[in-house]
Amino acid sequence: MSSDALQTRIAERLAAVRQRLATAAERSGRTSGAVRLIAVSKTFGADAVRAAYAAGQLDFGENRVQEALGKRAELADLPIRWHLIGPLQSNKARKVPGAFAWVHTLDRLDLLERLEAASPATPHTPLPLLLQVDLAREASKSGADESALRPLLDRARACQTVQVVGLMLVPPYEADPERVRPWFARLRGLRDALRAEGVPPSQLQQLSMGMSHDFEVAIEEGATMVRVGSAIFGARD
Ligand SMILES: *Cc1c(COP(=O)(O)O)cnc(C)c1O
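Not measured: the values here are computed from a predicted model. (Residues numbered from 1 in each chain as written. Predicted model: local features only at pLDDT ≥ 70, side-chain atom pairs only at ≥ 80, totals over all residues. Heavy atoms only, no water.)

## Topic: the overall build of the chain
Counting its secondary structure elements, the chain contains eight helices and eight strands. The C-alpha radius of gyration computed for the chain amounts to 17 Å, which stays within 12% of the reference 18 Å derived for 237 residues, consistent with globular compactness. C-alpha extents for the chain along the principal axes are approximately 50 × 40 × 35 Å. For the chain, with 237 residues in total, the buried portion stands at 47%. In the chain, the share of contacts with a sequence separation of at least 24, taken over all contacts with a separation of at least 6, comes to 63%. Accessible area for the chain stands at about 10800 Å²; split by element, carbon and sulfur atoms hold 50% of it. (Helix = DSSP H or I, 4+ residues; strand = E, 2+ residues; numbered from the N terminus. Rg over C-alpha atoms; globule rule 2.2 N^0.38 Å. Buried < 20%, exposed > 50% of the residue type's maximum accessible area, 1.4 Å probe, protein only. Contact = heavy atoms within 4.5 Å. Areas by Shrake-Rupley, 256 points an atom, 1.4 Å probe, with all protein chains shown as cover.)

What follows is the structure in structure tokens.
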């Protein structure tokens, strides 16, 4: 595809996703500004990211550290905010601060401590982290057990260089988005329960949930960040 054709196609898809996002936000009594769109560029090249950036997109999601670092180097001229949305091995934690603006996949204490140790103190604002929750307890998925959340949130309050600011969910796959709705509602319910238990609202501001086929339902259930890949960049191989 020529770069003009790529540019046009991605700009059109992005506009359609933004329109759907705004409509879903309205249905949930919010404005589109209350929901951050993260364009998931995994497996797509720097040219695709550049095309989306040219169409006004600033937040991009990647699920592999190495792949993201390569794209980041190719796109160093652009002020992109990179979000890590895939599982993070402990031995890669030191590569994350500086490269990523957000981490959505914190799920254990040792990772929190490594990210804390690897993040520079001043003058940076603390690196925002989301706690990935494994609500369905799927063996194949990463994420913390519900019972592990309080200790993680409590420990994170002692951190200076990183801060937990919300929860993230990758629900079991269902082709029908209506069947995913209960999982989204459960994450919101969990957030509300933790607030009621006294966890500071600053640790529970964000709900990262919803992908290409179900992001509108996720927004209706309270998502503040949606991670959308194929609806913007096309099908992955
Ligand atoms: C790939 C991925 C997405 C985006 O998926 P699409 O169906 O392409 O929108 C969202 N979240 C995570 C964690 C992913 O790995």
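## Structural notes on the site of the ligand
Within the structure, the ligand sits among Val40, Lys42, Ile85, Val170, Met211, Ser212, Arg227, Val228, Gly229, Ser230 and Arg236. Contacts to the ligand include arginine 227, whose side-chain N or O atom sits 2.9 Å from a nitrogen atom. Calculation on the ligand without its partners gives an accessible area of 390 Å², and the protein chains cover 89% of this total. Here the shell around the ligand is composed, by residue class, of five nonpolar, three polar and three charged. (Near = heavy atom within 4 Å. Polar contact = N/O pair within 3.5 Å; in protein donor to acceptor, adjacent residues only side chain to side chain. Nonpolar A, V, L, I, M, F, W, Y, C, P; charged D, E, K, R; others polar.)

## Some details on helix 5 (residues 149-156)
The complete set of buried residues in helix 5 reads Leu149, Leu152, Leu153 and Ala156. For helix 5, the angular spread of the buried residues around the axis is 95 degrees, confining them to a single face. Here the buried face of helix 5 lies against helix 4 (109-118), strand 5 (127-133), strand 6 (162-169) and helix 6 (181-196). (Arc of directions from axis to C-beta.)

## Digging into unusual backbone geometry
Although it is not a glycine, threonine 43 sits at a positive phi angle of roughly 75 degrees. By secondary structure assignment, the location of threonine 43 is in the loop between strand 1 (36-40) and helix 2 (46-54). Residue classification places threonine 43 among the exposed positions, given a relative accessible area of 54%.

## Quick look at the packing of aromatic side chains
The tally for this structure, following the rule as stated, stands at two aromatic pairs. Ring geometry for phenylalanine 60 against tryptophan 82: centres 5.9 Å apart, planes inclined by 45 degrees, an arrangement best described as tilted. Of the two residues, phenylalanine 60 sits in strand 2 (residues 59-62) while tryptophan 82 sits in strand 3 (residues 81-84), which places them 22 residues apart along the sequence. (Phe/Tyr/Trp six-rings, centres within 6.5 Å; stacked < 30°, edge-to-face > 60°.)

## Topic: the pattern of salt bridges
Overall, the coordinates contain 23 salt bridges when judged by the stated rule. Across the pair lysine 71 and glutamate 62 runs a salt bridge, and its minimum N-O distance is 2.7 Å. Assessed through its relative accessible area of 0%, glutamate 62 is described here as buried. For arginine 108, the salt bridge is made with aspartate 110, and the minimal N-O distance between the two is 3.1 Å. Taking relative accessible area as the criterion, arginine 108 reaches 27% and is therefore assigned partly exposed. In this structure aspartate 110 comes out as partly exposed when scored by relative accessible area, which is 30%. (Salt bridge = Lys/Arg side-chain N within 4 Å of Asp/Glu carboxyl O.)

## Focus on the side chain of aspartate 107
For aspartate 107, the location among the structural elements is in the loop between strand 4 (102-106) and helix 4. At a separation of 3.2 Å, a polar atom in the side chain of aspartate 107 contacts the main-chain amide nitrogen of glycine 143. Discounting chain neighbours no more than four positions away, the residues touching aspartate 107 are Gln132, Ser142, Gly143, Ala144 and Leu152.

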